Amino acid sequence: MIRFSLKITTLSSHLPSFPPISYNAGMALKISISGVRGTIPDSLTPELCLDFAKAFGTYTNGGMIIIGIDPRPSSEYIKGIIYAGLLSAGCKVIDIGIAPTPTVGIMTKLLRADGGIVVTASHNPLPWNGIKFMTPEGLFLNEKKAAKLIDLYEKKKFRVATPQTVESNDQAIALHIKKVLKVVDINLIRKKKFRVALDGCNGAGSVALVELLKKLGCIVLPINCDVHLPFPHNPEPIPENITELTSYVQAKKTDVGFVVDADADRLAIVADGGFAIGEELTLALAAASILEAAPNAKARKHTIVTNLSTSRVVDDVAKRYGAKVVRTKIGEIHVVEEIIRQEAIIGGEGNGGVIFPQVGYNRDSLAGIALILHYMAKSGQPLSKLARSLPQYVMIKSKVDCAGQFEVNEWLEKVKKSFAGEEMVTKDGIKVVFHDSWVHVRASNTEPIIRIMAEAPTKEKAENLIKRITG
Ligand code: MG
């Protein structure tokens, strides 16, 4: 039997009361609100995958489940085990094959399924893989629902019923693209015949994104868009992993370059000339695109939802259009639930995650790409110019090891003392907010560390904010 260290569960009082988070550094296994993630073959074992599938089959009462995978070599193997677990609980399985995470969400809702499963380790490199679970609405499980699933997994009293069928559905990507094309002015984009470089990391977005760009009349220059080949680089679309695309955009003189992670829910952008504008600006540019296109944006006072650690450039964009920004705890589901509550026009995260409710309630690189191209087409300006027109900030991300709740409290006390009298937001650790800068200190949801992030107009100012805490 696998035993999980409770190192993290004692970490922070802001974590949910039920401990949906277990972490075992030695075995590289994480069970959390985001699902289960581990390494193959040592920690994400067949027994564990089978029991989680049985638990989800029990959780959905033997319902109809949509399953999609990313193209890592172990994904088919894990999918086979999940089939067995779901079927043993009496589920019906609809397999949509290799598909971006947001596509699974859209199909789960569209086909009125009882749940969705994505086999992916998202931005993690090999040998990682993982399983993510979705509600009938195509949303990730929230804390309460994840706790219920993990409880079922731990108790191991699984539903046993006559297995239903396994069917495949090869329409998922086409349906997703159709949804995206409905929410932008296709003709406006098509007329521009944008030259677009695309680095799919040979991941789940490779096919879908090429297809989408073609439908938008773009001249597509794909690199790393073959799902039969291994990842050409670490799939996390952060600056050190996207240099191939940066050079390619420059060499081929394309109008833009897009790069996504392995399950295509995070999008980073390289502007014309090889100007890597990265992940933090993706949401800001997508928000500018939709607000620019929204009739009477100023009078409507739209809402943008993002998390506490996302760049304040989103606030600057919102201000331009009279919109307001609502900030949530870290974690995609918190952003999504707030988008629904606020009926927000758009939301997302600073890691390149754009959530566009008109398409779906998942971080969606397809929606993000369509919105960016729409913004470029409507403005008639190069993307580099659009990006440079936004206020420039420097964000620094730092972390310190932290063994338990006592240390977390010590760090938070230090923040309170160092910034006494300043505006503080305490819904997820402590964020100290100034008029053009901020610093945020919080316990990680997935690792035994404290994250310290700061953003300011200059590197020096951001560093100083961090130094006031770390000394
Ligand atoms: Mg991802």
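Please read these numbers as outputs of a predicted model, since none were measured by experiment.

Novice: Describe the coordination of the magnesium ion, listing the residues and the values that go with them.
Specialist: Coordination of the magnesium ion by the protein is provided by S122 (OG), D261 (OD), D263 (OD) and D265 (OD), with metal-donor distances spanning 2.0 to 2.1 Å. Here the donor residues of the magnesium ion share one chain and are spaced in sequence as S-x138-D-x1-D-x1-D.

Novice: An account of the pairing of strand 6 (residues 115-119) is needed here, citing residue identities and associated values.
Specialist: Most of strand 6 is tucked away, with five of its five residues classed as buried. Because side chains alternate across strand 6, one face comprises the buried residues G115, I117 and V119, and the other comprises G116 and V118, equally buried. Bridge count for strand 4 (residues 64-69) against strand 6 is five bridges, and the pairing is parallel. Residue pairing in the sheet places I66 in a bridge with G116 of strand 6.

Novice: How would you explain the domain arrangement of the protein chain if you had to name every residue and give the values?
Specialist: Assigned domains within the protein chain: domain 1 (4-15 + 393-470), domain 2 (33-170) and domain 3 (175-388). For domain 2 and domain 3, the distance between their C-alpha centroids amounts to 27 Å. The partner domain 3 presents 32 residues to the 29 residues of domain 2 that form the contact. Roughly 2200 Å² of surface becomes buried between domain 2 and domain 3 when both sides are summed, with 67% attributable to carbon and sulfur atoms. Interface area lost by domain 2 to domain 3 is led by P102, I106 and H123, which between them contribute 26%. Remark: the boundary between domain 2 and domain 3 carries three salt bridges.

Novice: Would you mind going over empty space enclosed by the protein in detail, with residue names and values included?
Specialist: This structure, assessed with the given rule, holds one cavity of 30 Å³ or more. Forming the boundary of the largest cavity are I31, S32, I33, G35, F52, F133, L141, A146, L149 and I150. Only strand 2 (29-32) and helix 4 (143-155) provide two or more residues apiece to the lining of the largest cavity. With three residues, helix 4 is the largest single contributor of residues to the lining of the largest cavity. Residues of the lining of the largest cavity, tallied by class, amount to eight nonpolar, two polar and no charged.

Novice: So what's going on with unusual backbone geometry? Which residues, and what values?
Specialist: Note the cis peptide between I40 and P41, where omega equals 5 degrees. Mapped onto the elements of the fold, P41 is located in the loop between strand 3 (35-39) and helix 1 (46-59). The peptide bond linking L126 to P127 adopts the cis configuration, its omega dihedral lying at 5 degrees. Residues other than glycine seldom take positive phi values, yet R112 does so here, at roughly 50 degrees. For R112, the location among the structural elements is in the loop between helix 3 (101-110) and strand 6. The phi dihedral of N202 falls on the positive side, at around 55 degrees, and the residue is not glycine. Tracing the backbone shows N202 in the loop between strand 9 (195-199) and helix 7 (206-215).

Novice: Describe the pattern of salt bridges, and please don't skip the residues or the numbers.
Specialist: Under the criterion given, the structure shown has 21 salt bridges. Between E236 and R266 there is a salt bridge whose closest N-O contact spans 3.1 Å. In this pair, E236 sits in the loop between strand 10 (219-223) and helix 8 (243-251) while R266 sits in the loop between strand 11 (256-260) and strand 12 (267-271), placing the two residues 30 residues apart along the sequence. Of the residues examined, E236 reaches a relative accessible area of 22% and is grouped as partly exposed.

Novice: Any chance you could break down the sheet that holds strand 21 (residues 438-443) for me, citing the residues and the numbers?
Specialist: With antiparallel pairing, the five strands of this open sheet are ordered in space as 18-22-21-20-19. The strands lining the two open edges of the sheet, one partner per strand, are strand 18 (394-401) and strand 19 (423-425). On average, adjacent strands in this sheet sit at an angle of 15 degrees to one another, irrespective of strand direction. Along the sheet, helix 16 (residues 459-470) makes contact with strand 18, strand 21 and strand 22 (449-456), crossing strand 22 at roughly 145 degrees.

Novice: If you had to explain helix 11 (residues 313-320) to someone new, which residues and values would you point to?
Specialist: Residues V313, V314, D316, V317 and A318 constitute the buried set of helix 11. Packed against the buried residues of helix 11 are helix 9 (280-293), strand 14 (303-307) and strand 15 (324-328).

Rules and cut-offs
Residues numbered from 1 in each chain as written. Predicted model: local features only at pLDDT ≥ 70, side-chain atom pairs only at ≥ 80, totals over all residues. Heavy atoms only, no water. Donors = N, O, S within 2.8 Å, 3.2 Å for Na, K, Ca; no water. Buried < 20%, exposed > 50% of the residue type's maximum accessible area, 1.4 Å probe, protein only. Helix = DSSP H or I, 4+ residues; strand = E, 2+ residues; numbered from the N terminus. Pairing = 2+ DSSP bridges. Domains from an automatic or database assignment. Contact = heavy atoms within 4.5 Å. Buried area = accessible area lost by both parts, 1.4 Å probe. Salt bridge = Lys/Arg side-chain N within 4 Å of Asp/Glu carboxyl O. 1 Å grid on protein atoms, 1.4 Å probe; cavity = no way out; pocket = protein on both sides within 12 Å on 5 of 7 lines; lining within 4 Å. Points joined across faces, edges and corners; volume = space filled by probe spheres on them. Nonpolar A, V, L, I, M, F, W, Y, C, P; charged D, E, K, R; others polar. Axes fitted to C-alpha atoms, helices over the stretch in contact; angles between N-to-C directions.

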